[in-house]
Amino acid sequence: MKNQSLSSSIDWITILLYTILVIFGWMTIYSVTVPADQEYTFEFGQHYSKQLMFIIIAIPLIFTILFVDSKLFERFSLVFYSFGILLLLGLFVFGVTKKGQTNWYQFGGFGFQPSEFVKTAVALLLSKYLSDAQVNLSKSKFQYFAFAIIGLPVFLILLQPDAGSAMIFLSLVFVLYREGLPSWYLWTGAIAIVTFLSALIVKPIFLIAIIFIIMLIHYVFNRRISRNPIVYFLIFLAISAFAFSVSFVYDNVLEPHQKERINVLLGKEVDLKKEGYNLHQSMIAIGSGGLLGKGYLEGTQTKGGFVPEQHTDYIFTTVGEEWGFMGNLLVISLFVGLFLRIIYLAERQKTKFSRVYGYCVATYLFTHFFVNIAMLIRLFPTIGVPLPFFSYGGSSLWAFTIMLFIFIKLDANKVNEW
């Protein structure tokens, strides 16, 4: 059993789901980028031909990962992390600026976004740290070190500035919670988000009154935690101060395009020819597909070029238009199946390092998936997060491929773990 071959120990279900998503993604990119009068042709230099090249290059990456010693990923996790931080620092000297963000290296006609690959490095080092038998996330000193592993790249990415990528890293707090982080961290984050959005809709004085009533009810009826009134009063003051600070942050800290995205999310009056255009057109494209869609390469919104960036951040709109609700449901089911499979595999790992890394992979992929689709249907601000294995781009495809197949390799090696 210990000498079981790689082919018999590898999880082919995960590989099958990955393959289907990559092929479906390429077909969708082809549909978006091939000219309407040149359908069923192939030209080099187009987005679909470049994406095919990215897919082909991913194949040797996969075989390299599957045939190296799986212990390498744990043993050199700090090296990978350090190299990733150096790549992020190098952007401030050698990086190129696109759309106001300095988050790319440019080598001739090829662009390289290091933050995509740093996600895997952070996951590896975090897994290595949490797998230490001495680490106990119920204690503050261990929490701070785990937060530092995540926080350093987040800080550097925010300086680019790239809030979308930074937010993906912060989703690892759910992995920390799975490994013993106190739940009050999640509650604090959730309350902060709800308070921030509520303060933009309701006047602060009314919001404070609502918060007071909620806390009073909680104080009167709560029986499971301390009912110390001083604690409640301090929490009330903190939330109230945060609520009153929202207007200042919104007016003086956020950039104009960030304000526009929040206004679109909250349903405030926006110019459908400017800041509301992308979202409006994406919803039209998705809705026009109906139940079964207009057919492959037959999307009028897609062929008309009405949806900007449709081959990257808005690629899911093409699925909705050409394949309809059933097509959307199929893609969502494939992604959900992949997430559940990774979680299932993570739970059966024999080492804590492999289990934690598996949860990191599932969290990264789910956050990308959820945010990308949620922003298309106005459940989340538009922040430029690609759909894994679907959106155009070599950095994104290779980074997700490397991330996923490292876990597949770790899972395949579990037969050799004691």
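Scroll up to find the structure this text is about.
Because the structure is predicted, anything quoted here is derived from the model rather than measured.

Undergrad: Where do I start with the overall build of the protein in this structure?
TA: Secondary structure assignment for the protein yields 18 helices and three strands. The C-alpha radius of gyration of the protein comes to 23 Å, within 12% of the 22 Å expected for a compact globule of 418 residues. Within the protein, contacts between residues separated by at least 24 positions form 71% of all contacts whose residues are at least 6 apart in sequence. If you sum the accessible surface of the protein, you get close to 20800 Å²; carbon and sulfur atoms cover 69% of it.

Undergrad: Please clarify how the pattern of salt bridges should be interpreted in this entry.
TA: Close approach of charged atoms lets side chains of opposite charge pair. As enumerated under the stated definition, the model contains nine salt bridges in all. With a closest N to O distance of 2.5 Å, D11 and R341 form a salt bridge. Here D11, found in the loop between α1 (6-9) and α2 (12-33), pairs with R341, found in helix α16 (residues 316-347); they are 330 residues apart in sequence, far enough to count as distant. Looking at D11, the relative accessible area reads 5%, which means it is buried. With a closest N to O distance of 3.7 Å, R348 and D411 form a salt bridge. Placement of R348 in the loop between α16 and α17 (352-376) and of D411 in helix α18 (residues 394-412) is noted, with a sequence separation of 63 residues between them.

Undergrad: I keep staring at the side chain of K119 and nothing clicks. Help me out?
TA: Summarising the element assignment, K119 is placed in helix α6 (residues 114-130). For K119, the residues in contact, after removing those within four places along its chain, are I168, F169, Y364, H368 and M403.

Undergrad: Even after reading the chapter, I still don't get the nonpolar core, so can you show me in this structure?
TA: As a rule of thumb, nonpolar side chains are buried together in soluble globular proteins. By size, the foremost hydrophobic cluster in this structure holds 96 residues, and its most contacted members are V122, L126, F335, Y357, F389 and F390. Take this core: its biggest share by element is 14 residues, from α17. Setting aside residues up to four positions removed in sequence, V122 forms contacts with Y81, I149, I150, P153, F169, L172 and Y364. Membership of the second largest hydrophobic core comes to 14 residues, among which are L200, Y232, F236 and A243.

Undergrad: Help me understand the sheet that holds strand β2 (residues 101-107), please; the structure alone is not making it clear to me.
TA: Think of a sheet as strands paired side by side through backbone hydrogen bonds, with each pair either parallel or antiparallel. Spatially, three strands are ordered β1-β2-β3 in an open sheet, and the strand pairing comes out antiparallel. Whereas interior strands pair on both sides, the edge strands pair on one side only; in this sheet they are β1 (96-98) and β3 (110-112). Each neighbouring strand pair of the sheet contributes to a mean axis angle of 50 degrees, computed without reference to strand direction. One ladder, built from two bridges, connects β1 with β2; its direction is antiparallel. Residue pairing in the sheet places K98 in a bridge with Q101 of β2. Across the face of the sheet, helix α5 (residues 77-94) comes into contact with β1, β2 and β3 while running at roughly 90 degrees to β2.

Rules used throughout
- Residues numbered from 1 in each chain as written.
- Predicted model: local features only at pLDDT ≥ 70, side-chain atom pairs only at ≥ 80, totals over all residues.
- Heavy atoms only, no water.
- Helix = DSSP H or I, 4+ residues; strand = E, 2+ residues; numbered from the N terminus.
- Rg over C-alpha atoms; globule rule 2.2 N^0.38 Å.
- Contact = heavy atoms within 4.5 Å.
- Areas by Shrake-Rupley, 256 points an atom, 1.4 Å probe, with all protein chains shown as cover.
- Salt bridge = Lys/Arg side-chain N within 4 Å of Asp/Glu carboxyl O.
- Buried < 20%, exposed > 50% of the residue type's maximum accessible area, 1.4 Å probe, protein only.
- Core = buried A, V, L, I, M, F, W, Y, C linked by side-chain atoms within 4.5 Å.
- Pairing = 2+ DSSP bridges.
- Axes fitted to C-alpha atoms, helices over the stretch in contact; angles between N-to-C directions.

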